[in-house]
Amino acid sequence: MNSPDETRTFDKGKIDLTKIGDTTISRMYLAPGWSWEKCMKPIAKTESCEASHTQYVVSRRVRFKMNDGSEEEYRPGDVLYIPLGHNTWIVGNERYTGIEIGTLDKYAKK
């Protein structure tokens, strides 16, 4: 993870991707004020995030709102699975860090 195979940057964020066999493990850094709607929608060109996420929260908090209106917030130490069809944003004024397994290899590709 300290020598990623690829790094992708985008508005208020960065992802370091590391391949291990057929699996991609990614470290995601998201700055305060980051949200999928503001920072990723222009890249994805979809109404909501069409990627699922399996992630371990390293630091800070992240909140997801599903297309059906349900919401969930995650904190350091939480493991989460979020299916496609959501918006996401960082809660608070510090940088969020998460480790994602197997789902970010196509994320934030321009």
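It should be noted that the structure appears before, not after, this text.
My aim in this report is to walk through the structure given alongside it, one point at a time. (Residues numbered from 1 in each chain as written. Predicted model: local features only at pLDDT ≥ 70, side-chain atom pairs only at ≥ 80, totals over all residues. Heavy atoms only, no water.)

**Observations concerning the sheet that holds strand β5 (residues 61–66)**
Then comes step 1: Strand order in the open sheet formed by three strands is β6-β5-β8, with antiparallel pairing between adjacent strands. What marks the edges here is a single partner per strand, and that holds for β6 (71–74) and β8 (86–91). In this sheet, adjacent strand axes meet at a mean angle of 20° when their direction is disregarded.
Then comes step 2: Looking at chain direction, β5 and β8 are connected through six bridges and run antiparallel. Within β8, the position partnered with Lys65 by the bridge is Asn87. (Pairing = 2+ DSSP bridges. Helix = DSSP H or I, 4+ residues; strand = E, 2+ residues; numbered from the N terminus. Axes fitted to C-alpha atoms, helices over the stretch in contact; angles between N-to-C directions.)

**Description of the nonpolar core**
Then comes step 1: Core analysis: the biggest nonpolar cluster contains 20 residues, and Leu30, Trp34, Val62, Tyr74 and Leu80 have the highest contact counts within it.
Then comes step 2: Of all the elements in the fold, those that place two or more residues in this core are β2 (13–20), β3 (23–30), α1 (36–44), β5 and β7 (79–82).
Then comes step 3: Not counting the four nearest positions on each side in its chain, Val62 is found in contact with Glu72, Glu73, Tyr74, Leu80, Thr88, Trp89, Ile90, Val91 and Tyr96. (Core = buried A, V, L, I, M, F, W, Y, C linked by side-chain atoms within 4.5 Å. Buried < 20%, exposed > 50% of the residue type's maximum accessible area, 1.4 Å probe, protein only. Contact = heavy atoms within 4.5 Å.)

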